[in-house]
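Here is how the chains run, residue by residue.
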Amino acid sequence: MQQAWGHIDVNAFAFPVGLAIGVALTALLFVAEREYAHRSWMRKLRSTRTAVILLTLVTLFSIVGGSFPQLSGFTTSLPFVALLLALIAHLTLVMVHRMRHFTSIRRDIPFLVLHGGLWLALFSGMAGAGDTRELRTLLMQDASTEAATDASTEASTDAVVQTAYDARGHRFPLSYSLRLQQIDIERSEQDGSPVQYEVTLLVDSTACKVSVNHPYAVNWYEDIYLMDLHTAGGSEGGCILLIVQQPWKYVTLAGILMLLAGAVWNLQTRRKEETNV
């Protein structure tokens, strides 16, 4: 089914292509709303009914896609991407229309913050997909360990690592070096089973600890996660790291915060209006 739908190669929209396309589409929609604001088809595109239909379809796609493992790649399918683009276009038209007919700070500002937050979260999620990378690498604790290759990561087991690999096996250089210094395993007092893993890494010359669900932030857009331990000769002699690069994550976070703030602000405004009636 997914092959029949077709997929979007998100890497083709990496910065600055995705940003340029977004700016161009926003400008085009601004002109279209200004020139055809009173046409019936434009009013339908801006209507609440259109918003409900688009949000419902996006929600249904997300529920179905998230419920079936064979549809795990639905987020890059043509229908889902088209729905998101349609929703972004709708939000753009609605905000442009409200800004062009701005009448009240108390009512219009919360409305724009709410819709602007949703627009920013959706746009940054789509534009940022091409710039997001998930890389894996394998570190060994002992420099004298024989060089080997892990089937899942295709990463060299040398003690000092400066490269990582994506899911397709493409090699990417890192702007820093990684070295595994120590492995700590917290075990259950009852049966001795592992309950928590923690490794001490040297990122360049900086020592840091990384454990399951507790990543280390290399910089503002790059985090290192501990995926698993690597067993060599019956003992834990290394670890597999997941390196996630997300340059747009704070833009997405800003959009979510705006969305929440706008929702609360709108609710308070409506309650005040009802109280004053």
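Residues numbered from 1 in each chain as written. Predicted model: local features only at pLDDT ≥ 70, side-chain atom pairs only at ≥ 80, totals over all residues. Heavy atoms only, no water.

**Regarding the environment of Leu87**
In plain terms, the rule: Segments assigned H or I by DSSP are reported as helices when at least four residues long, segments assigned E as strands when at least two residues long, and all are numbered from the N terminus.
Inspection of the secondary structure puts Leu87 in helix 5 (residues 78–100). When the C-alpha atoms of Leu87 and Leu54 are compared, they prove to be 6.2 Å apart, with 33 residues separating the residues in sequence.

**Points about the pairing of strand 2 (residues 160–165)**
Applied cut-off: Any two strands with at least two DSSP-identified bridges between them are counted as paired.
Pairing between strand 2 and strand 3 (residues 171–187): five bridges, direction antiparallel. Each residue of the ladder has a partner; that of Tyr165, found in strand 3, is Arg171. Connecting strand 2 to the next strand, strand 3, in antiparallel fashion are five residues, including Gly169 with a positive phi near 85°.

**Side note on the packing of helix 2 (residues 17–36) against helix 5**
What counts here: The axes are straight lines fitted to the C-alpha atoms, using for helices just the contacting stretch, and the angles between their N-to-C directions are given from 0 to 180°. Orientation is classified from the angle alone, with under 35 degrees giving roughly parallel, over 145 giving roughly antiparallel, 65 to 115 giving roughly perpendicular, and any other angle giving oblique. Each crossing is labelled by how the near helix is turned from the far one, with a counterclockwise turn of less than a right angle marking it left-handed and a clockwise turn marking it right-handed. By definition in these notes, contact holds between two residues if any of their heavy atoms fall within 4.5 Å. Residue classes follow a fixed rule: Ala, Val, Leu, Ile, Met, Phe, Trp, Tyr, Cys and Pro count as nonpolar, while Asp, Glu, Lys and Arg count as charged, and any other residue, Gly among them, counts as polar.
Contact geometry for helix 2 and helix 5: axes closest at 9 Å, N-to-C directions at 55°. Classified by the angle their axes make, helix 2 and helix 5 are oblique. Handedness of the crossing formed by helix 2 with helix 5: right-handed. Contacts between helix 2 and helix 5 pair Thr26, Leu29, Phe30, Glu33 and Arg34 from the former with Ala89, Thr92, Leu93, Val96, His97 and Arg100 from the latter. For the contact of helix 2 with helix 5, the residue count by class is five nonpolar, three polar and three charged.

**Remarks on helix 2**
Selection criterion: Here the expected span of a helix is defined as 1.5 Å times the quantity of residues minus one. Burial classification: accessible surface area is computed with a 1.4 Å probe over protein chains only, and a residue below 20% of its type maximum counts as buried, one above 50% as exposed, and the rest as partly exposed. Starting at the helix axis, one direction is taken to each C-beta atom, and the arc is that of these directions.
With 20 residues, helix 2 should cover 28 Å at 1.5 Å per step; its first-to-last C-alpha distance of 28 Å lies within 8% of that length. Of the positions making up helix 2, those classed as buried are Gly18, Gly22, Ala32 and Glu33. The buried residues of helix 2 all sit within an arc of 95° when viewed along its axis, so they share a single face. In helix 2, the exposed residues that point more than 90 degrees away from the buried face are Val23 and Leu28. Those residues of helix 2 hidden inside the fold are in contact with helix 3 (40–46), helix 5 and helix 6 (105–129).

**Things to note about the pattern of salt bridges**
Basically, it comes down to this: Take a side-chain nitrogen of Lys or Arg and a carboxyl oxygen of Asp or Glu: if they are within 4 Å of each other, that pair is a salt bridge.
Scanning the entire structure with this criterion turns up five salt bridges. A salt bridge links Arg98 to Asp108, with the nearest nitrogen and oxygen atoms 2.8 Å apart. Note that Arg98 is positioned in helix 5 and Asp108 in helix 6, a separation of ten residues in sequence. Looking at Asp108, the relative accessible area reads 3%, which means it is buried. Residues joined in a network through salt bridges with shared partners are Glu33, Arg46 and Arg100.

**Description of the nonpolar core**
The cut-off we apply is this: In plain words, nonpolar cores are sets of buried Ala, Val, Leu, Ile, Met, Phe, Trp, Tyr and Cys residues tied together by side-chain atoms within 4.5 Å.
Of all hydrophobic cores here, the largest spans 21 residues; its most connected members are Leu178, Val199 and Leu201. Breaking this core down by element, the ones donating at least two residues are strand 1 (133–140), strand 2, strand 3, strand 4 (194–203), strand 5 (206–211), strand 7 (222–232) and strand 8 (235–245). Take this core: its biggest share by element is six residues, from strand 3. Those residues in contact with Leu201 that lie beyond four places of it in its chain are Leu139, Arg179, Leu180, Thr206, Ala207, Cys208, Val210, Ile224 and Leu241. Of all hydrophobic cores here, the second largest spans 18 residues; its members include Leu84, Leu91, Leu112 and Leu122.

**As for the pairing of strand 3**
Relative to strand 4, strand 3 is paired through nine bridges, and the arrangement is antiparallel. When the bridges of strand 4 are listed, Gln182 appears paired with Thr200. Connecting the antiparallel pair strand 3 and strand 4 is a turn made up of six residues, with Gly192 showing a positive phi of about 80°.

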